[in-house]
Amino acid sequence: MQLDQRDLDILRVLSTEGRITKAALADRIGLSPTPCWDRLKKLEQAGLIEGYGARINLRKLAPHVTVFVAAEIADHTAASFRAFEAAMQRYDEVTACWALGGGFDYLLQIVTRDIDAYQRLIDEMLDARIGLSRYFTYVVTKPVKGAGAPPLDVLLGQG
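Residues numbered from 1 in each chain as written. Predicted model: local features only at pLDDT ≥ 70, side-chain atom pairs only at ≥ 80, totals over all residues. Heavy atoms only, no water.

Going by what an unreviewed UniProt entry lists, the protein chain is known as Leucine-responsive regulatory protein and is assigned to Leisingera aquaemixtae.

Shown next as structure tokens:
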């Protein structure tokens, strides 16, 4: 899909203000509501907008710990990678998982109630024989910068 400046403006606004009304979005990007809505629908249909969601302040919700885990799997076959990735989908505590190039195979982001719950989860993964052979735990002590809007200008060579 070829994007013009208005499409990029829609993406920029929505990446930080997902609850903005259609009328306010149209006003912000300088279009009337109907053409703005048409552009938004095209961006959604093209898969550029994957969804909308709220950022929940977990510190206000409940005690929790966020842990990053650098994981290695035992066997480096395509089937082993697929099996591990499928297994990650079954653990709600695994809030993100990335396949890596380099020293480790995966980086997991895990959110649990406490360190004991984290260790029980890791023990469960080891017992489940999903291919996890080694893991390195990094406990988040404080958030410094959360997931923000993607740097569209940088990615498109405009910044």
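Peer 1: Just give me the short version of the overall build of the protein chain, but keep the residues and values in it.
Peer 2: Looking only at helices and strands, the protein chain features seven helices and four strands. Each helix and strand of the protein chain, ordered N terminal to C terminal, gives the series α-α-α-α-β-α-β-β-α-β-α. Against the compact-globule benchmark of 15 Å for 159 residues, the protein chain has a radius of gyration of 20 Å, which places it well outside the compact range. Counting only C-alpha atoms, the protein chain reaches 55 × 40 × 30 Å along its principal axes. Each of the 159 residues in the protein chain was classed as buried or not, and the buried ones make up 27%. (Helix = DSSP H or I, 4+ residues; strand = E, 2+ residues; numbered from the N terminus. Rg over C-alpha atoms; globule rule 2.2 N^0.38 Å. Buried < 20%, exposed > 50% of the residue type's maximum accessible area, 1.4 Å probe, protein only.)

Peer 1: An account of the pairing of strand β2 (residues 94-99) is requested, with residue identities and associated values reported.
Peer 2: Successive side chains on a regular strand alternate, one facing one side of the sheet and the next facing the other. As defined by bridge partners, β2 adjoins strand β3 (residues 106-112) across five bridges and the pair is classed as antiparallel. When the bridges of β3 are listed, C97 appears paired with L108. Turn length for the β2-β3 hairpin, with the two strands adjacent in sequence and antiparallel, is six residues, and the turn residue G102 shows positive phi of about 120°. (Pairing = 2+ DSSP bridges.)

Peer 1: Can you tell me about the nonpolar core, naming the residues and giving the values?
Peer 2: Ranked by internal contacts, the top residues of the largest apolar core, which has 19 residues, are F84, M88, L108, M125 and I130. Elements represented by at least two residues in this core include exactly β1 (65-73), α5 (78-88), β3 and α6 (115-127). No other element matches the five residues that β1 contributes to this core. Apart from residues lying up to four places away in sequence, I130 is in contact with F84, A87, M88, R90, Y91 and M125. Within the second largest apolar cluster, 15 residues are counted, among which are L14, I20, L25 and L43. (Core = buried A, V, L, I, M, F, W, Y, C linked by side-chain atoms within 4.5 Å. Contact = heavy atoms within 4.5 Å.)

Peer 1: How would you summarise the domain arrangement of the protein chain if you had to cite specific residues and measurements?
Peer 2: When its domains are assigned, the protein chain resolves into domain 1 (5-54) and domain 2 (58-140). For domain 1 and domain 2, the distance between their C-alpha centres works out to 34 Å. (Domains from an automatic or database assignment.)

Peer 1: Can you explain the side chain of T112? Please cite residues and give values.
Peer 2: Among the secondary structure elements, T112 is positioned in strand β3. A polar contact of 3.0 Å, which involves the side chain of T112, links it to the backbone oxygen of D114. In this view, T112 contacts H64, V65, E93, A117, Y118 and L121; residues no more than four positions away in its chain are not counted. (Polar contact = N/O pair within 3.5 Å; in protein donor to acceptor, adjacent residues only side chain to side chain.)

Peer 1: Which residues make up the packing of aromatic side chains, and what values do they have?
Peer 2: In the structure shown here, the tally under the stated rule is three aromatic pairs. The aromatic ring of W37 is capped on one face by K22, whose charged end is 3.9 Å from the ring centroid. (Phe/Tyr/Trp six-rings, centres within 6.5 Å; stacked < 30°, edge-to-face > 60°. Lys NZ or Arg CZ within 6 Å of the ring centre and 35° of its normal.)

Peer 1: Can you tell me about the sheet that holds β1, naming the residues and giving the values?
Peer 2: Ordered by their spatial adjacency, four strands build an open sheet running β2-β3-β1-β4, and the pairing between neighbours is antiparallel. Whereas interior strands pair on both sides, the edge strands pair on one side only; in this sheet they are β2 and β4 (132-139). On average, each strand axis in the sheet is inclined to that of its neighbour by 20°, with strand direction left out of account. As defined by bridge partners, β1 adjoins β4 across seven bridges and the pair is classed as antiparallel. What sits directly across from V67, in β4, is V139. Against the sheet, α5 touches β1, β2, β3 and β4, its axis set at about 15° to β3. Where α6 meets the sheet, its contacts fall on β1, β2, β3 and β4, and the angle it forms with β4 comes to roughly 165°. (Axes fitted to C-alpha atoms, helices over the stretch in contact; angles between N-to-C directions.)

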